[in-house]
Amino acid sequence: MSRFQPAKLCVRRYMQAMETATASTVARVLAEYTSDPYRWRGVYPFREQSSSESAAQTFWQPLMQSFNQLQRREDFFIAGENMHDGEVWVMSAGNFMGLFDADFLDIPATRRIANLRYAEFSCVQDGRISQTGLFVDLIGLMMQAGVNPLPPSTGVYYNYPGPRYHDGLLHEDANPRESRQTLDLINAMVKDLSELNDSGAMDCPPEILARTWHSDMLWYGPAGIGASYTIPRYQEQHQLPFREQLGDKKFEGHVCRFAEGHFACFFGWPNLSNSPLGGWLGLPGGARHTQMQVVDIYRREGDKLAENWILIDLPWWLKQQGLDVLQRNRELRRGRS
């Protein structure tokens, strides 16, 4: 049996069981596939949970009570060894899709199909999931419900496609040489950006990006930022506003980083820290140094990166500055009632 097959099989069985779970059974299902102790990390307001029961009560039960006929529509499924400590992780990403029939976090239900972008990282040890990192794009869901808590974005947000060649579901293990090449490229890219941050530079010469990215790169950012296409438009519509309007940028590391085949991914807790100077996301600056939790998923084509899917816990980043977009939505809805 290939090296990552036991972990992949564990996570696939977990996902199959969750597909038929309900709000009343999900705690039992989650307990069956997770270890004790179990660590769950999620976006604001869910944050950190220390048991499968609390993860079910905090996140899964409210989600399943709000979304009827909930499905996991998967674009990525890869596994690998965490480059930091050798743990085996499995990553699944795509959309949770269902009928948005009841309010979720006071985001108003639409009674229509809704997609909630997600990326779920599972650390598998001794046949059970010992850690989970589950990121969802809550601002994207708010926008589908007609609630946009942020000014117009620099990129365009829509229901993003999966990888160009529809080859992101690696149920069989990929060639380790391909995985190593992808991880080496990711590490080179991270090193380039970290050195820019350490230097204090507020811009990024395009030739630095061209070392590791194709000129026609696709960057699929979270709601509030949006997507960009090609290096020039990516710099115009995301990278340069990010670099110029956020100060004290520091790379904080990753919980896990791994690659399989032409794909790679990571998430941090946090990845970055920075201080808003004013202008980014169309918002004023603040005096607080804030943490940023991010997921990145990459596709390599040849010797360069071609596509990048990103989730950022923007509600948590804003909460640290005193702006709770979920609470503000609640207050506005109460004011209309």
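Residues numbered from 1 in each chain as written. Predicted model: local features only at pLDDT ≥ 70, side-chain atom pairs only at ≥ 80, totals over all residues. Heavy atoms only, no water.

Participant: Would you mind going over unusual backbone geometry with me for this structure?
Facilitator: Residues other than glycine predominantly adopt negative phi, and peptide bonds predominantly adopt the trans conformation. Look at the link from Asp36 to Pro37: it is a cis peptide, with omega at 10°. A cis amide bond links Trp269 to the next residue, Pro270, at an omega of 0°. Here Pro270 lies in the loop between strand S11 (263-267) and strand S12 (272-276). A positive phi angle, near 55°, is found at Asp126, a position not held by glycine. Relative to the assigned elements, Asp126 resides in the loop between strand S5 (113-125) and strand S6 (128-136). The phi angle at Leu281 is positive, at roughly 60°, despite the residue not being glycine. Among the secondary structure elements, Leu281 is positioned in the loop between S12 and strand S13 (290-292). (Helix = DSSP H or I, 4+ residues; strand = E, 2+ residues; numbered from the N terminus.)

Participant: It is not clear to me how helix H2 (residues 26-33) should be interpreted in this structure. Could you clarify?
Facilitator: Think of an α-helix as turning once every 3.6 residues; residues three or four places apart then point the same way. Taken together, the buried positions of H2 are Val26, Val29, Leu30 and Tyr33. Each buried residue of H2 sits inside an arc of 95° when the element is viewed along its axis, so together they form one side. Among the structural elements, helix H1 (5-19), strand S1 (34-42), helix H3 (52-66) and S6 are those in contact with the buried residues of H2. (Buried < 20%, exposed > 50% of the residue type's maximum accessible area, 1.4 Å probe, protein only. Arc of directions from axis to C-beta. Contact = heavy atoms within 4.5 Å.)

Participant: Where do I start with the pairing of S5 in this structure?
Facilitator: Consecutive side chains of a regular strand alternate in pointing toward one face of the sheet and then the other. With 11 of its 13 residues buried, S5 lies for the most part within the structure. The pairing of strand S4 (residues 88-100) with S5 spans 12 bridges and is antiparallel. Its bridge partner lying in S5, Val90 is registered against Ser122. Between the antiparallel neighbours S5 and S6 lie 2 residues, among them Asp126 with a positive phi of about 55°. (Pairing = 2+ DSSP bridges.)

Participant: Before we go on, may I ask you to explain the side chain of Gln5 in this structure?
Facilitator: Mapped onto the elements, Gln5 comes out in helix H1. The buried category is assigned to Gln5, whose relative accessible area is 17%. A distance of 2.9 Å separates a polar atom in the side chain of Gln5 from a polar atom in the side chain of Asp173. Here Gln5 is in contact with His171, Glu172 and Asp173, once residues within four sequence places are set aside. (Polar contact = N/O pair within 3.5 Å; in protein donor to acceptor, adjacent residues only side chain to side chain.)

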